[in-house]
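Structural overview for review
Next come the chains, spelled out residue by residue.
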Amino acid sequence: MTGPDTTEALGGAANTLVVQAGSSYAQQFRLGGGDKLDLTHVLAGAPLAHDLTNLSQFVKIVGHGANDLGHGLGTKTTLEVTGPGGSARIDLQSSGKLELKDLLQHDSLLLPPH
């Protein structure tokens, strides 16, 4: 993705992407490499259940596809995060086909208190 509201970070050591509402991100993402998505800002004030059973109301996997140009071969997972302050779109480049449960099982999501 390109545009003034797009942020890109490249893989390497474990990375944490701080997600802000109103932005789109293209991020190399390694689930097994300790990469994390910090969703605390975009989900601030969201009524998350203590056991996160309603997380899918706020964090949605909207698709899987080939990596964007410039990110090499592989498959990306696209998420849309919507909270009280707005939404953000995240392309997890080279992540493979991830589901929300995969991100939760690997503690890859940093969430506001719930």
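All of these numbers come straight from a predicted model, not from anything done at the bench.

Within this structure, the stated rule accounts for 3 salt bridges. Salt bridges sharing partners connect three or more residues here, namely Asp68, Lys76 and Asp91.

Bringing the nonpolar core into the picture now. Among the nonpolar cores identified, the biggest contains 25 residues, and Leu37, Leu39, Leu43, Leu55, Val59 and Ile90 are the most heavily contacted of them. Secondary structure elements with two or more residues in this core: β6 (75–83), β7 (86–93) and α1 (100–105). Per-element accounting of this core gives the leading share, 3 residues, to β7. What Leu55 contacts, discounting residues up to four positions off in sequence, is Leu43, Leu48, Leu100, Leu104, Leu109 and Leu111.

Looking at the protein as a whole, its pLDDT mean stands at 90, while 89% of the residues score no less than 70. Note on residues 1–11: pLDDT under 50 across the span, and 21 contacts to partners over four residues away in sequence or across chains.

Non-glycine residue Ser94 carries a positive phi angle of around 60 degrees. Positionally, Ser94 belongs in the loop between β7 and α1. With phi around 50 degrees, Asp107 is a residue other than glycine that occupies positive phi space. Locating Asp107 in the fold gives a position in the loop between α1 and β8 (109–110). In this structure Asp107 comes out as exposed when scored by relative accessible area, which is 54%.

With that out of the way, let us pick up the sheet that holds β8. Spatially, 3 strands are ordered β2-β4-β8 in an open sheet, and the strand pairing comes out parallel. The open sheet terminates on both sides in strands that have one partner only, identified here as β2 (16–18) and β8. Where strand β4 (residues 36–38) lies against β8, 2 bridges are found, and the strand directions are parallel. Residue pairing across strands places Leu37 opposite Leu109, the latter belonging to β8.

A separate point is the side chain of Asn54. Looking at where Asn54 falls in the secondary structure, it is placed in the loop between β4 and β5 (59–66). Judged by its relative accessible area of 14%, Asn54 is buried. Among the polar contacts listed, one links the side chain of Asn54 to the backbone oxygen of Pro47, at a separation of 2.8 Å.

Moving residue by residue along a regular strand, the side chains alternate between the two faces of the sheet. Extensive coverage of strand β3 (residues 24–28) is indicated by the burial of 5 of its 5 residues. For β3 and β7, the ladder comprises 5 bridges, and the chain directions are parallel. Paired with Gln28 across the strands is Gln93, a residue of β7.

Reading the values: the criteria
- Here the residue numbers are simple positions, counted from 1 along each chain's written sequence.
- pLDDT decides what is reported in this predicted model: residues at 70 or higher carry local features, side-chain atom pairs at 80 or more are listed and counted, and totals for whole chains, interfaces and linings draw on all residues regardless.
- Remark: hydrogens and water are excluded; side-chain values derive from all non-hydrogen atoms of the structure.
- Salt bridge criterion: a side-chain nitrogen from Lys or Arg within 4 Å of a carboxyl oxygen from Asp or Glu.
- Nonpolar core, defined: a set of buried Ala, Val, Leu, Ile, Met, Phe, Trp, Tyr and Cys residues in which side-chain atoms within 4.5 Å join the residues together.
- The buried label goes to any residue with under 20% of its type's maximum accessible area, the exposed label to any with over 50%, and the partly exposed label to all in between, with areas taken from a 1.4 Å probe on protein chains only.
- Put simply, DSSP H or I for four residues or longer makes a helix, DSSP E for two residues or longer makes a strand, and each gets a number counted from the N terminus.
- Contacts were defined at the residue level, with two residues in contact if any of their heavy atoms lie within 4.5 Å.
- The predictor attaches a confidence to each residue, called pLDDT, with possible values from 0 through 100.
- Only strands joined by at least two bridges in the DSSP assignment are considered to pair.
- The term polar contact refers here to a pair of N or O atoms within 3.5 Å; inside protein, the definition further demands a hydrogen-donor-capable atom paired with an acceptor-capable atom, and it admits residues adjacent in sequence only when both atoms are side-chain atoms.

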